[in-house]
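The primary structure of each chain is shown beneath.
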Amino acid sequence: MINVATGRLRADETFTPPGPADFDLPPIGASSSFEMFGQTFALGVTKPMIQVVLAGVLVFAFFYVAAKQRSMVPSRLQYVGEAGYGFVRNSLGRDIIGSHDFMRFVPYLFTLFFFILVNNWFATIPFIQFPTMSRSGMVYGLAILSWVIYNAVGIRKHGFLGYLKLQTVPSGMKGPILLLLIPLEFMSNILVRPFTLALRLFANMFAGHLLLILFALGGEYLLLHGDWLVKPVGIVAWLLFIMIAFLEVLIQFLQAYVFVLLNAMYISGALADEH
Amino acid sequence: MEGTINGSLNMIGYGLAAIGPGVGVGLIFAAYISGVARQPEAQARLQTIAILGFALAEALAIIGIALAFVLS
């Protein structure tokens, strides 16, 4: 029965809520560990590592096959491949970086978008069901890559000092206010960007997966271990689980889009001419 | 002990902190919808701006959830 005094709806078996520990998958195969920087590092291959490689292979194989037999009247596969390429090229490349020099960056943006998209959708694909990007290390790599690229592009075009001036001095600002603005702009444009870029993707995938675990485990617990009065709530939890899983598909797409969109924005900001 | 609630107070703090970005994201999409309703042909242009604004407002919530797990 429901204990009104304590507000508890559970029977007496304990329920352990899901937490970050659920994302620590053990290494597959032989593993040894070593100590470095005061942390224990395990040697071995984990599921996210396999998924990263699998995503790369899948994206390459799909677009290789889709682009192999090009014809004026496209086959269905070729049509899908071209639509995907056109989406990234036009809405992420041309519209944001500008028609003058966007083609240089289309291969990078295109690869990045589909790589992240497939990795995110791994959270939904049956039998895999683990978002690769919910391991923060995977995302840091991508964020560092994009940080290096947009800074390198800017420095190459404007020179080191010119680039720093472009990124830190807002146009039309003069006088002592610059003492305040330059450190602030430096922080926001150079230092904080890779962190927010990485954290956004990582935390979205992490929180989404955690939410799904919570609904699945909580529903199971209410249904099997709860009192008869709360059993229906377990079914509601599972229905919500299904609905949230569909919402997650949308979020996974959106986060891949946002990651590449911000990459394109940063590149276009680094390429911008001085006003 | 009877009637105790276990868990981290961080999560309540994160819940409060998520109100701000929630309101912000709502305002951004409200403006986007009314913009498209007034001028449907501007949708493609507004969409990019709306999603960018959404991503920037959401970053606050994301920083919140990261700190909720990290701080102890």
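Residues numbered from 1 in each chain as written. Chains lettered and ligands numbered in written order. Predicted model: local features only at pLDDT ≥ 70, side-chain atom pairs only at ≥ 80, totals over all residues.

### Side note on the overall build of chain B
For the record, the criterion: Put simply, DSSP H or I for four residues or longer makes a helix, DSSP E for two residues or longer makes a strand, and each gets a number counted from the N terminus. The atom set for the radius of gyration is the C-alpha atoms, and the globule formula is 2.2 Å times the number of residues raised to the power 0.38. Three exposure classes are used, all based on how many other C-beta atoms lie within 10 Å of a residue's own C-beta (placed from the backbone): buried at 20 or more, exposed at 12 or fewer, and partly exposed between those limits.
Regarding its fold elements, chain B presents three helices and zero strands. Taken over the C-alpha trace, chain B has a radius of gyration of 18 Å; the compact-globule value for 72 residues is 11 Å, which it surpasses by more than 25%. C-alpha atoms of chain B, sized along the principal axes, occupy 60 × 25 × 15 Å. The 72 residues of chain B split such that 12% are buried.

### Quick word on the packing of helix 8 (residues 231–271) of chain A against helix 3 (residues 43–70) of chain B
For the record, the criterion: Lines fitted to the C-alpha atoms define the axes, with helices restricted to the stretch that makes contact. Angles between their N-to-C directions range from 0 to 180 degrees. If an angle is under 35 degrees, it is roughly parallel; if it is over 145, roughly antiparallel; if it lies from 65 to 115, roughly perpendicular; otherwise it is oblique. A pair of residues counts as a contact when their C-beta atoms, built from backbone coordinates, are within 7 Å of each other. When residues are grouped by polarity, Ala, Val, Leu, Ile, Met, Phe, Trp, Tyr, Cys and Pro land in nonpolar, Asp, Glu, Lys and Arg in charged, and all others, Gly among them, in polar.
It is the contact of helix 8 of chain A with helix 3 of chain B, at a shortest axis distance of 10 Å, that shows an interaxial angle of 100°. With respect to helix 3 of chain B, the axis of helix 8 of chain A lies roughly perpendicular. Taking contact as the criterion, the partners of Y257, V258, L261, L262 and M265 of chain A in helix 8 of chain A are, on helix 3 of chain B, I51, L52 and A55 of chain B. Here the residues of the contact of helix 8 of chain A with helix 3 of chain B sort into eight nonpolar, no polar and no charged.

### As for the interface of chain B and chain A
One widely used convention gives an interface's size as the accessible area the parts lose upon coming together. The partner chain A presents 16 residues to the 13 residues of chain B that form the contact. Each residue belonging to the side of chain B that touches chain A can be placed in one class, and the counts come to nine nonpolar, two polar and two charged.

### Observations concerning unusual backbone geometry
Residue and element names in this part refer to chain A. Backbone geometry places F127, a non-glycine residue, at a positive phi of 75°. In this fold, F127 is placed in the loop between helix 3 (106–121) and helix 4 (136–158). Even without being a glycine, Q129 presents a positive backbone phi close to 45°. Considering the arrangement of structural elements, one finds Q129 in the loop between helix 3 and helix 4. The exposed category is assigned to Q129, around which 12 C-beta atoms lie within 10 Å.

### Points about the nonpolar core
Stated formally: Connectivity within a nonpolar core runs through C-beta atoms within 7 Å, and the core itself is a set of buried Ala, Val, Leu, Ile, Met, Phe, Trp, Tyr and Cys residues.
Counting 53 residues, the largest nonpolar core has L109, F113, F202, V260 and I267 of chain A as the members making the most contacts within it. Secondary structure elements with two or more residues in this core: helix 1 (47–68), helix 2 (76–97), helix 3, helix 4, helix 7 (193–225) and helix 8 of chain A together with helix 3 of chain B. Every residue in contact with F113 of chain A, bar those within four places of it in the chain, is listed here: V88, L92, A256 and V260 of chain A.

### Regarding helix 4 of chain A
All names here are of chain A. In plain terms, the rule: For a helix, the expected span equals 1.5 Å multiplied by the number of residues minus one.
Compared with the 33 Å implied by 1.5 Å per residue over 23 residues, the 33 Å span of helix 4 between its first and last C-alpha is a close match. All of the buried residues in helix 4 are M138, V139, L142, A143, S146, Y150, N151, V153 and G154. Tucked inside the fold, the buried residues of helix 4 contact helix 1, helix 5 (160–168), helix 7 and helix 8. A positive backbone phi angle near 80° is found at G159, which sits one or two residues after helix 4.

### Some remarks on the confidence of the model for chain A
Residues and elements named next belong to chain A. Definition in use: Within a predicted model, pLDDT stands for the predictor's per-residue confidence, ranging from 0 to 100.
Taken over all residues, the pLDDT of chain A has a mean of 87, while the share at 70 or more is 94%. When the elements of chain A are averaged for pLDDT, strand 1 (residues 28–36) gives the smallest value, 74, and helix 3 the largest, 95. Overall, residues 1–12 carries pLDDT values under 50, and its contacts beyond four positions in sequence, including any with other chains, amount to 15 contacts.

### Describing the environment of A152 of chain A
All names here are of chain A. Residue position: A152 is located in helix 4. The exposure class assigned to A152 is exposed, which follows from the 12 C-beta atoms found within 10 Å. Between the alpha carbons of A152 and A270 there is a distance of 8.9 Å; along the sequence they are 118 residues apart.

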